[in-house]
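Each chain is listed here by its residues.
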Amino acid sequence: MIALIQQTGQRWWNWAVKNPQQFFTYSMIFLSVSFIGSMIQGIFFPPEMAFKIKPPVLYSKSHFSQGTAGNREKEMERIVAELKTLKIKRDRHALQKEDSLRIEYLFNQFKQLKNGH
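Sequence order as written defines the numbering, with residues in each chain counted from 1. Local features in this predicted model are restricted to residues whose pLDDT is 70 or higher, and side-chain atom pairs enter the listing and the counts only when it is 80 or higher, whereas totals over whole chains, interfaces and linings include all residues. Excluded from the side-chain calculations are hydrogens and water; all other atoms, namely the structure's heavy atoms, are used.

## Thoughts on the overall build of the chain
Numbering of helices and strands starts at the N terminus; helices are DSSP runs of H or I of at least 4 residues and strands are runs of E of at least 2. Each helix and strand in the chain was counted, giving 5 helices and 0 strands. We call two residues in contact whenever any of their non-hydrogen atoms come within 4.5 Å of each other. In the chain, the share of contacts with a sequence separation of at least 24, taken over all contacts with a separation of at least 6, comes to 55%. For the chain, the computed accessible surface area is about 10,700 Å², with 64% contributed by carbon and sulfur atoms. Reported accessibility uses the Shrake-Rupley method at a 1.4 Å probe radius. Residues are deemed covered only where the shown protein chains occlude them.

Structure representation (structure tokens):
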């Protein structure tokens, strides 16, 4: 069985080497038909869910609007608590560059929560 497959493959390879223009033509026809078939499938028969990967909550714009007022208040309290710990760190003159970026991020997040976005 393996010998038959090898012989057939060798025969096709020899034909492709002897007839490169025909091989190129058949290859392009096959690729074009495959592409058109893929486009038709994607347009007329789309998958149930196009994106299976869910983006992280950090980058989701609707994260804040999904929560209820209680969740929003809890989140704001958590942010205030973390900002207080960073303030204590600032008073001890132990802030680092990462802390400054974190403060800016927390402040922006707090503003978004407060405005209800």
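## Some points on the pattern of salt bridges
Any carboxyl oxygen of Asp or Glu that lies within 4 Å of a side-chain nitrogen of Lys or Arg is treated as forming a salt bridge with it. On inspection of all chains with the given rule, the structure shows 6 salt bridges. The partner of D99 in a salt bridge is K89, and the shortest N-O contact between them spans 2.8 Å. A residue pair is termed long-range when its members are at least 10 positions apart, and D99 in helix α5 (residues 97-115) and K89 in helix α4 (residues 69-91) qualify at 10 residues. Because the salt bridges share partners, they merge into one network encompassing E75, R78, E82 and R102.

## Looking at the packing of helix α1 (residues 2-18) against helix α2 (residues 20-44)
At a minimum axis separation of 5 Å, α1 and α2 run at an interaxial angle of 110 degrees. Between α1 and α2, the angle is such that the two are roughly perpendicular. Two secondary-structure elements touch here, α1 through W15, A16, V17 and K18 and α2 through P20, Q22, F23 and Y26. Charged means Asp, Glu, Lys or Arg here, nonpolar means Ala, Val, Leu, Ile, Met, Phe, Trp, Tyr, Cys or Pro, and polar covers whatever is left, Gly included. Partitioning the contact of α1 with α2 into residue classes produces 6 nonpolar, 1 polar and 1 charged. Axis definition: a line fit to C-alpha positions, over the contact stretch in the case of helices; interaxial angles, taken between N-to-C directions, run 0 to 180 degrees. Here roughly perpendicular refers to angles of 65 to 115 degrees, roughly parallel to angles under 35, roughly antiparallel to angles over 145, and oblique to all remaining angles.

## Let's talk about the nonpolar core
Grouped burial of nonpolar side chains is what soluble globular proteins tend to show. Within the largest apolar cluster, 5 residues are counted, these being M76, I79, L86, L106 and L113. Looking at this core, the elements that each hand over two or more residues are α4 and α5. It is α4 that provides the largest number of residues to this core, a total of 3 residues. Dropping the residues within four chain positions of it, I79 is found in contact with L106, Q109, F110 and L113. Here, nonpolar core refers to any group of buried Ala, Val, Leu, Ile, Met, Phe, Trp, Tyr and Cys residues whose side-chain atoms link them within 4.5 Å. Each residue's exposure class comes from its accessible area (1.4 Å probe, protein chains only) as a fraction of the maximum for that residue type: buried when under 20%, exposed when over 50%, partly exposed otherwise.

## What to know about unusual backbone geometry
In this model, H93 sits at a positive phi of 60 degrees, which is unusual for a non-glycine residue. Looking at the element boundaries, H93 is found in the loop between α4 and α5.

## A few points about a nonpolar patch on the surface
Taken together, the side chains of F35, I36, M39, I40, I43, F44 and F45 present a nonpolar region at the surface, about 800 Å² in accessible area. Among the structural elements, F44 can be located in helix α2. Residues with no salt bridge and a relative accessible area higher than 30% make up the patches, which join like charges within 9 Å and nonpolar side chains (Val, Leu, Ile, Met, Phe, Trp, Tyr) within 5 Å.

## What about the confidence of the model for the chain?
Each residue gets a pLDDT score, which is the predictor's confidence in that residue and runs from 0 to 100. On average, residues of the chain score 84 in pLDDT, and 80% of them are at 70 or above. When pLDDT is averaged over each helix and strand of the chain, the minimum, 50, is found for helix α3 (residues 63-66) and the maximum, 95, for α2.

## Considerations on α5
The terminal C-alpha atoms of α5 lie 27 Å apart, and with 19 residues this matches the ideal 27 Å at 1.5 Å per residue to within 8%. Within α5 the residues assigned to the buried category are D99, L106, Q109 and L113. Viewed end-on, α5 has its buried residues packed into an arc of 90 degrees, placing them on one side of the element. Facing away from the buried surface of α5 by more than 90 degrees, the exposed residues are K97, L101 and N115. Multiplying one less than the number of residues by 1.5 Å gives the expected span of a helix. This arc is built from the directions going out from the helix axis to the C-beta atoms.

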